Amino acid sequence: MREPIAALVRQEGWRAEGAAARVHYEGAREQFAVEFYAETDRVLYWSVPTEETESGTAAPVPRERVPDPLRRRVREDLEAAGVDPATERHNL
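This section reports on the structure supplied with the text. (Residues numbered from 1 in each chain as written. Predicted model: local features only at pLDDT ≥ 70, side-chain atom pairs only at ≥ 80, totals over all residues. Heavy atoms only, no water.)

1. A few points about the packing of aromatic side chains
To describe a pair of aromatic rings, you give the distance between the ring centres and the angle between the ring planes. What the rule picks out here adds up to one aromatic pair. Ring centres of Tyr25 and Phe32 lie 6.5 Å apart, and the angle between their planes is 35°; on these two criteria the pair is classed as tilted. Looking at Tyr25, the relative accessible area reads 22%, which means it is partly exposed. In this structure Phe32 comes out as buried when scored by relative accessible area, which is 1%. (Phe/Tyr/Trp six-rings, centres within 6.5 Å; stacked < 30°, edge-to-face > 60°. Buried < 20%, exposed > 50% of the residue type's maximum accessible area, 1.4 Å probe, protein only.)

2. Digging into unusual backbone geometry
Positive phi outside glycine occurs at Asp41, with the angle close to 50°. In this fold, Asp41 is placed in the loop between strand 3 (31-37) and strand 4 (42-48). (Helix = DSSP H or I, 4+ residues; strand = E, 2+ residues; numbered from the N terminus.)

3. Observations regarding the side chain of Asp77
With respect to the element layout, Asp77 can be found in helix 2 (residues 68-80). What makes Asp77 buried here is its relative accessible area of 10%. Among all residues touching Asp77, those that are not within four sequence positions of it are Leu8, Gln11 and Trp14. (Contact = heavy atoms within 4.5 Å.)

4. Focus: the pairing of strand 4
Of the strand pairs in this sheet, strand 3 and strand 4 are connected by seven bridges, and their pairing is antiparallel. Residue pairing across strands places Val34 opposite Tyr45, the latter belonging to strand 4. Counting the residues that bridge the hairpin from strand 3 to strand 4 gives four residues, and of these Asp41 lies at a positive phi of roughly 50°. Bridge count between strand 4 and strand 5 (residues 59-60): two bridges; the pairing is antiparallel. Looking at strand 5, one finds that Ser47 is bridged to Ala59. (Pairing = 2+ DSSP bridges.)

5. Details of the pattern of salt bridges
Under the definition given, this model contains nine salt bridges. One salt bridge connects Glu88 with Arg71, and the closest N-O pair in it is separated by 2.5 Å. Highlighted residues: Glu88 in the segment after helix 2 and Arg71 in helix 2, separated in sequence by 17 residues. No difference in accessibility class separates Glu88 from Arg71, as the two residues are buried. Among the ionic pairs, Arg75 bridges to Glu88, the shortest N-O distance being 2.9 Å. (Salt bridge = Lys/Arg side-chain N within 4 Å of Asp/Glu carboxyl O.)

Structure below.
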């Protein structure tokens, strides 16, 4: 496991999935999955179906639609794991 992935897994809620680390976040009305890919230094956000919308599928979410508290938390977790927090802002 790559060191940044191992370091993120030590943060609350993160788990390793191959070459990525993932965490789930539940907001007031939306659920998100956040993925960090160490090899490319990229963070991806996914909208995850809620219990009310179980029939939906996960879909990528543009950063401007992601709540600021979640983006701040991801940057804080990256920094605590020794990853440049600016990585969260990298475009695909």
